Amino acid sequence: MSLRYKQYGISLIELLISLTIGLLIVIVAVQLFITGLSSFNLQKGLGDVNDNGRFGLEFLAKNIQPAGYATTTNYDYIVTRVGQMPGATASTISQNNTLNVGLGTSDQLVVQRWVPSTVESPRDCEGNIVPNTATEPGVFMVSRYFLRTDTQTNAIALACDAGFYTEGAASITGYGDEGVVLISYVDNFQVLYGIGTA
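Residues numbered from 1 in each chain as written. Predicted model: local features only at pLDDT ≥ 70, side-chain atom pairs only at ≥ 80, totals over all residues. Heavy atoms only, no water.

**Some thoughts on the nonpolar core**
If you look at soluble globular proteins, the nonpolar side chains tend to sit buried side by side. Core analysis: the largest hydrophobic core is formed by 15 residues, its most contacted members being Leu 109, Tyr 145, Leu 158 and Phe 189. Residue contributions to this core peak at three residues, all from strand 4 (residues 156-165). Residues within four places of Leu 158 in sequence aside, it is in contact with Leu 60, Tyr 145, Phe 146, Leu 147, Val 180, Val 181, Leu 182, Ile 183, Val 186 and Phe 189. Among the nonpolar cores identified, the runner-up in size contains 11 residues, and Met 85, Trp 114, Val 142 and Tyr 175 belong to it. (Core = buried A, V, L, I, M, F, W, Y, C linked by side-chain atoms within 4.5 Å. Buried < 20%, exposed > 50% of the residue type's maximum accessible area, 1.4 Å probe, protein only. Helix = DSSP H or I, 4+ residues; strand = E, 2+ residues; numbered from the N terminus. Contact = heavy atoms within 4.5 Å.)

**Some thoughts on a nonpolar patch on the surface**
A cluster of nonpolar residues, Val 26, Val 30, Phe 33, Ile 34, Leu 37 and Phe 40, forms a patch on the protein surface that exposes about 600 Å² of accessible area. Here Val 30 lies in helix 1 (residues 12-64). (Patch = residues over 30% accessible without salt bridge, like charges linked within 9 Å, V, L, I, M, F, W, Y side chains within 5 Å. Areas by Shrake-Rupley, 256 points an atom, 1.4 Å probe, with all protein chains shown as cover. Salt bridge = Lys/Arg side-chain N within 4 Å of Asp/Glu carboxyl O.)

**So, the pattern of salt bridges**
Applying the stated criterion across every chain, the model contains three salt bridges. A salt bridge links Asp 48 to Lys 44; the shortest N-O distance between them is 3.5 Å. Note that Asp 48 and Lys 44 are positioned in helix 1 at a spacing of four residues, about one turn of the helix. Assessed through its relative accessible area of 45%, Lys 44 is described here as partly exposed.

See below:
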């Protein structure tokens, strides 16, 4: 007579096969998670770059638009020559392809605008409040946009240096330093402008 044993468990081979299949499923799931996470981080980074660029361009536009505001004094709102503002040097005026920072050579843009004394507590591009008293008819605010190395990230950045002066002043107050960073990770800064005749 033969005895037949009934098997109530799984064999070692079945266990190894099921563990291997489970391990493959876990590896695929982890890989999908890592891919999704890296894609999310890439999209977030691109969104941040886009937001920073949009902020920087809007900031530039809002600071450049009032340049040339009509006053009783005739002045040049885009500074391209040393004699157009007090105490200017060749390194603090608008220049084309002179800054060897970033990819190739970059421009530097210097804009000055008139702010009448009726405007209370105007701010320059560095965020400083410019004193604008009723004893003067107004103040000239000067903004210089240029590329420099950001000391926090070691990346090339668009910076703004600002200052101000009153009519007849011999120099510009607060102008000529490293300024503040507006946008980090900028490759190049090129400005194309023209002056139309009426």
